[in-house]
Amino acid sequence: MSRELAFVKGHGTGNDFVLVPDLDGRRDLSAQQVRWLCDRHAGIGGDGVLRVVRTEHVPDYAELAGLAEFFMDYRNADGSVAEMCGNGARVFTRYLDAAGLLTSTEVVIATRGGLRSVTLHDDGTITVDMGHATTPRVRALPHVVVGEHSWPATGVLVPNPHAVAFVDDLADAGDLRAAPVVEPAAVFPEGVNVEFVVERGERHVAMRVHERGVGETRSCGTGACAVAWAARRRAEPDTAGETTWQVDVPGGTVHVTESTEGSLLLRGPAELVARGTALVPVDQPA
C-alpha cells in the first residue's frame, strides 16, 4: 500500500534534498518513509528531507510563529532528526520564494537550531545567518582516525556537532562511506559530522565531509561554517573584526563571513531541479 506525496527536489552546491510541502502540518513522515524518500535506488534520492510547514502547526515551536511563519523540519537520510542544515535552509528559502510564499527578499525561518535570518540576493545566491559557533562542553581534544592515520581535530557546534581535522591531502580521508572514528567518544555523545580540510590560499580552504546519518556528501553548510571558524582561529589568532573565507566543497563553493559580533553568514547558491509525486509506502519495515 502506498500514498501519493507531492515533492520538490533541490540542492545547494550538490547537497540535495527532497522537499515535502506540508503547510498545514497534516503529514507526519516516519523515519522509515524518510529513508525511502532519500533512497537513491528505490526512492527519490537525497541527502535529507525538508518538510515545509507553517510554524503554528509544529507544537514544540508554535510559540515562534509570530517571529517566523515557516518551520524547516529537517531529517537526515537515515530518518534521524538534525538541529540545522545550512544548505537545506537555502534550498528551503528558494522553495518559499518560488512558491510565492515570500513578500520580501529577507525572511526569518524557524529551525530546531533556532531562528535563522535569510537574505536572497540579486545574483541568485542566498545568505543564511547561522548564528554563533560554540565548542563542546567536554574540553578533551578530539582526534579523528581513518585506518592507520590520526589527526587532532577542533570540535565546533553550529549547532550541529563537527570535528574539523586539517590534513595534507583530502584523499587521506579515504572513501568516507563509513564514519571516521572520533575519539574520545564522550566529546560527541550524539554523533558528529567530520570535516577534512586543506589550505588553498589566504582565507581559502577546501573540505570533504562525512555527515552523520548520511555519509559523504558533496557539501555541508554547517560544516563549511565550522571549517571557516576553525581555519580562522588556526591562521589568525587575533579574531577581531569581520572576515570572509572561501570554502570549496566537492559540489561547488560557498563563502562564510564571520561578523564583528561573531555570527557566521553562509552564502551560496540554491536550485530547485524537479517536482513531482512520489508513491510513498505506507508501511515500511523498521
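Look above for the structure.
Quick caveat, the model's predicted, so the values are computed rather than measured.

Colleague: Give a description of the pattern of salt bridges that names residues and reports values.
Modeller: Two side chains with opposite charge may pair up if their charged atoms get near one another. The full count for this structure, using the stated rule, is 17 salt bridges. Its salt-bridge partner being Arg75, residue Asp73 comes within 2.9 Å of it at the nearest N-O pair. With respect to burial, Asp73 and Arg75 carry one shared label: buried. Each of Asp22, Arg51, Asp73, Arg75 and Arg112 takes part in salt bridges that share partners, so that together they form one network.

Colleague: Can you tell me about the side chain of Arg94, naming the residues and giving the values?
Modeller: With respect to the secondary-structure elements, Arg94 resides in helix α2 (residues 86-98). Although buried, Arg94 forms no salt bridge, and the nearest oppositely charged side chain, Asp97, lies 4.4 Å from it. At 2.4 Å, the side chain of Arg94 and the backbone oxygen of Gly124 are in polar contact. Setting aside its immediate chain neighbours within four residues, Arg94 contacts Leu120, Gly124, Thr125, Ile126, Ala270 and Leu272.

Colleague: How would you explain the packing of aromatic side chains if you had to name every residue and give the values?
Modeller: Within the structure shown, the criterion is met by 3 aromatic pairs. With a centroid separation of 5.6 Å and 80 degrees between ring planes, the pair formed by Trp151 and Phe196 is classed as edge-to-face. A residue pair is termed long-range when its members are at least 10 positions apart, and Trp151 in strand β9 (residues 149-152) and Phe196 in strand β13 (residues 193-201) qualify at 45 residues. Residue Trp151 is classed as buried on the basis of its relative accessible area of 11%. The ring of Phe166 carries the charged tip of Arg234 above its face, separated from the ring centre by 4.3 Å.

Colleague: Please set out the sheet that holds β9 residue by residue, giving values where relevant.
Modeller: One open sheet accounts for 3 strands, arranged β9-β8-β12; its pairing is antiparallel. Looking along the sheet, the strands with just one partner apiece sit at the ends: β9 and β12 (181-183). The mean angle between the axes of side-by-side strands here comes to 25 degrees, regardless of whether they run parallel or antiparallel. Sheet topology note: the strand β8 (residues 143-146)/β9 ladder contains 4 bridges and is antiparallel.

What counts, and at which threshold
Residues numbered from 1 in each chain as written. Predicted model: local features only at pLDDT ≥ 70, side-chain atom pairs only at ≥ 80, totals over all residues. Heavy atoms only, no water. Salt bridge = Lys/Arg side-chain N within 4 Å of Asp/Glu carboxyl O. Buried < 20%, exposed > 50% of the residue type's maximum accessible area, 1.4 Å probe, protein only. Helix = DSSP H or I, 4+ residues; strand = E, 2+ residues; numbered from the N terminus. Lys, Arg positive; Asp, Glu negative; His and termini not counted. Polar contact = N/O pair within 3.5 Å; in protein donor to acceptor, adjacent residues only side chain to side chain. Contact = heavy atoms within 4.5 Å. Phe/Tyr/Trp six-rings, centres within 6.5 Å; stacked < 30°, edge-to-face > 60°. Lys NZ or Arg CZ within 6 Å of the ring centre and 35° of its normal. Pairing = 2+ DSSP bridges. Axes fitted to C-alpha atoms, helices over the stretch in contact; angles between N-to-C directions.

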